[in-house]
Amino acid sequence: MGEESNDLYVIPAKFRKIENLHILFWLVKDLCWCLILRPLGIIMIFPTLIVAIWIAWRNRHIVAELTHNVAIALWIVANSMWMIAEFYNIDEKVRPYCIIPFSLGILTLFYYYLYYSPLQRKKAKAKVKAS
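Note that the structure is a prediction, hence the values are computed from the model and not measured.

1. As for a nonpolar patch on the surface
On the surface, a cluster of nonpolar side chains totalling about 870 Å² of accessible area is made up of Tyr97, Ile100, Leu104, Ile106, Leu107, Phe110, Tyr113 and Leu114. Examined against the element boundaries, Tyr97 turns out to sit in helix H4 (residues 91-130).

2. Some remarks on helix H1 (residues 13-34)
An ideal rise of 1.5 Å per residue puts 32 Å on 22 residues; H1 measures up with 32 Å between its terminal C-alpha atoms. Within H1, burial applies to Phe15, Glu19, His22, Phe25, Trp26, Lys29, Cys32 and Trp33. End-on, the buried residues of H1 take up no more than an arc of 140 degrees, which puts them together on one face. Exposed residues pointing more than 90 degrees away from the buried face of H1 are listed as Ala13, Lys17, Leu27 and Cys34. Buried residues belonging to H1 abut helix H2 (38-58) and helix H3 (63-87). Count one or two residues on from H1 and you reach Ile36, which has phi positive near 55 degrees.

3. Describing the environment of Ser80
Examined against the element boundaries, Ser80 turns out to sit in helix H3. The exposure class assigned to Ser80 is buried, which follows from its relative accessible area of 4%. For Ser80 and Met44, which are 36 residues apart along the polypeptide, the C-alpha to C-alpha distance reads 9.5 Å. Among all residues touching Ser80, those that are not within four sequence positions of it are Lys29 and Ile45.

4. Observations concerning the nonpolar core
Counting residues in each nonpolar core, the largest one holds five residues, listed as Phe15, Phe25, Met44, Val51 and Ile55. At the level of elements, H1 and H2 are the ones that each hand at least two residues to this core. Top element by residues in this core is H2. It accounts for three residues. Apart from residues no more than four positions distant in its own chain, Met44 is found in contact with Phe25, Val28 and Lys29.

5. What about the side chain of Glu19?
Within the element layout of this structure, Glu19 appears in helix H1. Apart from the residues lying within four places of it in its own chain, the contact partners of Glu19 are Ile11, Ile55 and Asn59.

6. Things to note about the pattern of salt bridges
Taken as a whole and judged by the stated rule, the model has four salt bridges. Residue Arg95 is joined to Asp91 by a salt bridge in which the shortest nitrogen-to-oxygen separation is 3.0 Å. Taken together, the residues span about one helical turn, with Arg95 and Asp91 both in helix H4 at a distance of four residues. Since its relative accessible area comes to 31%, Arg95 is described here as partly exposed. The class for Asp91 is buried, based on a relative accessible area of 18%. Three or more residues are tied together by salt bridges with common partners; here these are Asp91, Glu92 and Arg95.

Criteria and thresholds
- Residues numbered from 1 in each chain as written.
- Predicted model: local features only at pLDDT ≥ 70, side-chain atom pairs only at ≥ 80, totals over all residues.
- Heavy atoms only, no water.
- Patch = residues over 30% accessible without salt bridge, like charges linked within 9 Å, V, L, I, M, F, W, Y side chains within 5 Å.
- Areas by Shrake-Rupley, 256 points an atom, 1.4 Å probe, with all protein chains shown as cover.
- Salt bridge = Lys/Arg side-chain N within 4 Å of Asp/Glu carboxyl O.
- Helix = DSSP H or I, 4+ residues; strand = E, 2+ residues; numbered from the N terminus.
- Expected span 1.5 Å × (residues − 1).
- Buried < 20%, exposed > 50% of the residue type's maximum accessible area, 1.4 Å probe, protein only.
- Arc of directions from axis to C-beta.
- Contact = heavy atoms within 4.5 Å.
- Core = buried A, V, L, I, M, F, W, Y, C linked by side-chain atoms within 4.5 Å.

Have a look at this one:
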């Protein structure tokens, strides 16, 4: 703690545009939910989720990015289940199942913050001491 890294994480402009487009998809999906636009809301699940999965795959070599993007994809799954359930007035039946992807997303981040990240810091300190 207290140590700051000077490592740079550079995102190519083309990839950043796709990430930004993902935000647009997500907002349109959620706006459709609020406005009860069932067909468009359901259609928007697919580009939103596909891009989220693609972003996670594209960042699979960076554990911090991978875990956060997997958690986001799981959040979108849970959020989409909830949206569809509300569209069809079955949210009381479906909402308990939404806990599964939400919880998997949280567990993914717990793994990163409570296990992986501390282990990497410990390895880095040991490497500095050894040199």
